[in-house]
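This is what each chain is made of:
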Amino acid sequence: MTILNVEKLGVTFHQYDRRGRPIEIPALHDVSLSAARGELLAVVGASGSGKSLLAHAILGVLPPNATVSGRMTLEGYELTGAWLETVRGRQLRLIPQSVTHLDPSMTVGQQLRLGPRRLTRTRVLELLNDVELSCQTYDRYPHELSGGMLRRILLATCFGDDVRVVIADEPTPGIHPEALEEVVSQLLRLRDNGVTVVLITHDMVLAMRIADRLVVFRGGQSLDSFAPWQLLNRPASCHPYAQQLWRAQPAHDFWDAV
Ligand SMILES: Nc1ncnc2c1ncn2[C@@H]1O[C@H](COP(=O)(O)OP(=O)(O)OP(=O)(O)O)[C@@H](O)[C@H]1O
Ligand code: NI
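Only a predicted model underlies this, so the values are computations on that prediction, with no experimental measurement involved. (Residues numbered from 1 in each chain as written. Chains lettered and ligands numbered in written order. Predicted model: local features only at pLDDT ≥ 70, side-chain atom pairs only at ≥ 80, totals over all residues. Heavy atoms only, no water.)

Caption draft 1: Up close: unusual backbone geometry. Backbone geometry at Glu 75 places phi at a positive 50°, although glycine is not the residue there. With respect to the helices and strands, Glu 75 occurs in the loop between strand S4 (66-74) and strand S5 (77-78). The phi angle at Glu 170 is positive, at roughly 50°, despite the residue not being glycine. On the secondary structure map, Glu 170 appears in the loop between strand S7 (165-169) and helix H6 (177-192). By relative accessible area, which is 4% here, Glu 170 ends up buried. (Helix = DSSP H or I, 4+ residues; strand = E, 2+ residues; numbered from the N terminus. Buried < 20%, exposed > 50% of the residue type's maximum accessible area, 1.4 Å probe, protein only.)

Spelled out as structure tokens, the structure:
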């Protein structure tokens, strides 16, 4: 059953050039994808291909100079107006690309208690425990924690009974392998609990390893969607750019040999 559906999404930015003339920058065009309940969908593509914009468009948090076209639905209802307000931060969660989204002037506990859900201290301690952080973390400031710990705090915001879709925007860059495996196991845990996980990443090897399906982005467009086994066993059935991305991975020879 499809939970999240994106049909022909387009995003255009309206700006002014140096002479003050209005210009339009088409950043996304013809992006379509869908994700089922309990599916881990990886969105892969080069830097600047529009992956984060997709996340921000779904969440309705694009800057005011952006115009959005197309149609996005969550559980069959269009992600606009009251429905979007209802689900954002509750059924629909975003793990932002950068840990700088955490406020340096507030403790972890204060930040996790804020947001649409208004959590109790006890519930926040449970969430920290879910991502294997000690209760002392509650009173720490972001600068007192390691990069991997901050990543897990962003993850902690995505656990809860009401969550249906988690969009994780590059949750794994710059963390050491152990912390990466920790984040991966948390994402898989969400999926196994029936949550739809959209994993945005440029790590094709990670995507091939853990995703049920991949969507490949290039130049603001979604090119193709396939399961990892398709790209491994029937590469010709996948878009040439997907094959190219996979061949460019140093690890792919190893996989071919398995
Ligand atoms: N506010 C904006 N105004 C104009 N152009 C923008 C704006 N935000 C993003 N873009 C452009 O949209 C394109 C896609 O950006 P986006 O952040 O979605 O890329 P990405 O695939 O997430 O890249 P990365 O892997 O580096 O995070 C880029 O070319 C970027 O310059
Ligand atoms: Ni991005």
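Back to the text.
Caption draft 2: Region of the structure containing the coordination of the nickel ion (ligand 2). Protein-derived coordination of the nickel ion (ligand 2) comes from Ser 52 (OG) and Gln 97 (OE1), at a distance range of 2.0 to 2.3 Å. Its four donor atoms give the nickel ion (ligand 2) angles of 76 to 168° at the centre, a pattern that matches the square planar case. Note that Ser 52 is positioned in helix H1 (residues 51-59) and Gln 97 in the loop between strand S6 (92-95) and helix H3 (108-113), a separation of 45 residues in sequence. (Donors = N, O, S within 2.8 Å, 3.2 Å for Na, K, Ca; no water. Tetrahedral: all angles 85-135°; square planar, octahedral: opposite > 155°, others 65-115°.)

Caption draft 3: Expanded view of the sheet that holds strand S3 (residues 40-45). Ordered by their spatial adjacency, six strands build an open sheet running S6-S7-S8-S3-S9-S10, and the pairing between neighbours is mixed. Each having just a single partner strand, S6 and strand S10 (221-226) make up the two edges of the open sheet. This sheet shows a mean twist of 20° between the axes of neighbouring strands, independent of strand direction. Strands S3, S6, S7, strand S8 (196-201) and strand S9 (213-218) of the sheet are contacted by H1, whose axis makes an angle of about 150° with S6. (Pairing = 2+ DSSP bridges. Axes fitted to C-alpha atoms, helices over the stretch in contact; angles between N-to-C directions. Contact = heavy atoms within 4.5 Å.)

Caption draft 4: View of the site of ligand 1. As a structural note, the neighbourhood of ligand 1 is formed by 14 residues, with Ser 47, Gly 48, Lys 51, Ser 52 and Gln 97 the closest of them. For ligand 1, an oxygen atom lies 2.9 Å from a polar atom in the backbone of Leu 53. Take Gln 97: an N or O atom from its side chain is 2.8 Å from an oxygen atom of ligand 1. Burial of ligand 1 by the protein amounts to 65% of the accessible area it has alone, namely 640 Å². Taken atom by atom, the bulk of ligand 1 overlaps the second largest pocket. Only strand S1 (2-16) and H1 provide two or more residues apiece to the shell around ligand 1. (Near = heavy atom within 4 Å. Polar contact = N/O pair within 3.5 Å; in protein donor to acceptor, adjacent residues only side chain to side chain. Areas by Shrake-Rupley, 256 points an atom, 1.4 Å probe, with all protein chains shown as cover. 1 Å grid on protein atoms, 1.4 Å probe; cavity = no way out; pocket = protein on both sides within 12 Å on 5 of 7 lines; lining within 4 Å. Sits in = over half its atoms within 2 Å of the grid points.)

Caption draft 5: Summary view of the pattern of salt bridges. Considering all chains together, one arrives at 12 salt bridges under this definition. Residues Glu 78 and Arg 71 are paired through a salt bridge, measuring 3.1 Å at the closest nitrogen-oxygen approach. The salt bridge involving Arg 164 is made with Glu 75; its shortest N-O contact spans 3.1 Å. One end of the pair, Arg 164, is in the loop between helix H5 (147-156) and S7; the other, Glu 75, is in the loop between S4 and S5, and 89 residues separate them in sequence. Relative accessible area serves as the criterion here: at 28%, Glu 75 is assigned to the partly exposed category. A cluster of three or more residues bridged by salt bridges with shared partners is formed by Arg 191, Asp 192 and Asp 212. (Salt bridge = Lys/Arg side-chain N within 4 Å of Asp/Glu carboxyl O.)

Caption draft 6: Examining the packing of H5 against H6 more closely. Two numbers describe how H5 lies on H6: the axes approach to 10 Å, and their chain directions differ by 10°. Between H5 and H6, the interaxial angle falls into the category roughly parallel. Across the interface between the two elements, Gly 148, Arg 151, Arg 152 and Leu 155 from H5 touch Ala 179, Glu 182, Val 183, Gln 186 and Leu 187 from H6. Taken together, the residues of the contact of H5 with H6 sort by class into four nonpolar, two polar and three charged. (Parallel < 35°, antiparallel > 145°, perpendicular 65-115°, else oblique. Nonpolar A, V, L, I, M, F, W, Y, C, P; charged D, E, K, R; others polar.)

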